Amino acid sequence: MRSPPPRGSGIAGPAGELPEQTDALAHLPAGETDDMWHGEQLDLDAYLARLGYEGERTPTTETLRALHRAHVLSVRWDNLDSFLYRSVSLDLADVQEKLVRRSRGGYCYEHATLFAAALERLGFDFTAVSGRVQMGAEKILPATHAMLLVGVEGRRWLSDIGFGACPLAPIELVEGEDGNEVMIEGRPFLLRRTEITPGADGWALHHPDGRGGWVVRHNFTENPQYPVDYELGNHFIATSAHSPFNRRPFLQRIRPDRTDQLDGLTWTTTAATTAAGAEPDEKRTVEPHELPELLSDTFGVELSPEEAKLVVERVQPQDGRPDQES
């Protein structure tokens, strides 16, 4: 008899259902192995200390909410490795060294790899998925955004901890035409099931468009993704000439009351109460030599002397934008 697959991200059990799970979790495939995301290799104490988290270590909704919020507020979003080196490692040891011990940031694949290892270590059931970042685009874009769907206490949640200006809480997947409209610490979101590409059903996360409506931030199917799948997407983002994240520095830091963003040499600050799509509350152009101090003081990203020197050298102002030639 085939034994049921254990928790973590992977394949579904017989008939695509999980034994002894509720119907809400039957859609959430479990893993081929208990350590697909190498949770046993995670220095959990160091990771939780990085987050400032001192709560329970049990797989409950309360724990998921607290970990999600702490991760988003503590671990920055940055693309500096892809910008500087066009190389980003998803090996958990490298991700831990960078995001936990060196207090650096990373982009979605690194965040999802780290968070998946933590959830796996704590005993959560989850599925890794990939989304297409739309931000109002009408054409079909590649699925290069990493997220996790977490099943806990009979409900399913989107835990999007690697977008940059992420929701500060997981958002429940609610069936039905209206979906799930939520206000999270002053920031509104709408998550609903819909046709996301021709003939393909999935979920779309919306935020306000600044004109009284909604715009799709990203969409995704529930097709499980594995570490090897994330390696492919990561390679594209880090190395492709079509990737937006290896041509200029891009950083985001979200706080409960505001979001700071650096796009090339443009630094913006947007209050939590400012509608998405509206103009930022503050905007200025910085000089290349100002970047290391700005990254440290505003974004909490500490560069080594070598990295600081390389960032300044690589960012050459041309019409207000950094050099985009590699």
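> What is the right way to look at helix α7 (residues 227–239) in this model?
Working note: α-helix, 3.6 residues per turn, so residues spaced by three or four point in the same direction. Between its terminal C-alpha atoms α7 stretches 18 Å, which fits the 18 Å expected from 13 residues at 1.5 Å a residue. Inspection of α7 places Tyr230, Gly233, Asn234, Ile237 and Ala238 among the buried residues, and these make up the whole buried set. Here the buried residues of α7 occupy an arc of 130 degrees about the axis, which is enough to place them on one side. In α7, the exposed positions angled more than 90 degrees off the buried face are occupied by Val228, Leu232 and His235.

> What is the right way to look at the side chain of Ser74 in this model?
Tracing the backbone shows Ser74 in helix α3 (residues 61–74). Judged by relative accessible area, which is 13%, Ser74 ranks as buried. Separated by 3.5 Å, the side chain of Ser74 and the backbone oxygen of Leu51 make a polar contact. Filtering out sequence-adjacent residues up to four positions away, Ser74 remains in contact with Arg50 and Leu51.

> Help me understand the side chain of Arg253 in this model?
Within the element layout of this structure, Arg253 appears in strand β10 (residues 250–254). For the buried residue Arg253, which engages in no salt bridge, the nearest side chain bearing the opposite charge is Asp260, 6.5 Å off. Of the polar contacts made by the side chain of Arg253, one reaches the backbone oxygen of Thr298; its length is 3.2 Å. Contacts of Arg253, omitting those with residues within four sequence positions, involve Arg76, Arg258, Thr259, Asp260, Thr298, Phe299 and Gly300.

> Any chance you could explain the environment of Ala118 here in plain terms?
Its place among the elements puts Ala118 in helix α6 (residues 108–122). In this structure Ala118 comes out as buried when scored by relative accessible area, which is 1%. With 77 residues separating them along the chain, Ala118 and Gln41 place their C-alpha atoms 9.7 Å apart.

> Before we go on, may I ask you to explain the pairing of strand β8 (residues 200–208) in this structure?
Walk down a regular strand and you will see the side chains alternate between the two sheet faces. Within β8, seven of the nine residues are buried, leaving the element largely enclosed by the surrounding structure. Relative to β8, strand β7 (residues 187–197) runs antiparallel, the two sharing seven bridges. Paired with Thr194 across the strands is Gly202, a residue of β8. Connecting β7 to the antiparallel partner β8 that follows it, the hairpin turn spans two residues, and Gly199 within it adopts a positive phi of roughly 80 degrees. In this sheet, strand β9 (residues 214–220) lies alongside β8 in antiparallel orientation, the contact comprising six bridges. Each residue of the ladder has a partner; that of Leu205, found in β9, is His218. Counting the residues in the hairpin turn of β8 and β9 gives five residues, including Gly210, whose phi is positive at 85 degrees.

Cut-off values and rules
Residues numbered from 1 in each chain as written. Predicted model: local features only at pLDDT ≥ 70, side-chain atom pairs only at ≥ 80, totals over all residues. Heavy atoms only, no water. Helix = DSSP H or I, 4+ residues; strand = E, 2+ residues; numbered from the N terminus. Expected span 1.5 Å × (residues − 1). Buried < 20%, exposed > 50% of the residue type's maximum accessible area, 1.4 Å probe, protein only. Arc of directions from axis to C-beta. Polar contact = N/O pair within 3.5 Å; in protein donor to acceptor, adjacent residues only side chain to side chain. Contact = heavy atoms within 4.5 Å. Lys, Arg positive; Asp, Glu negative; His and termini not counted. Salt bridge = Lys/Arg side-chain N within 4 Å of Asp/Glu carboxyl O. Pairing = 2+ DSSP bridges.

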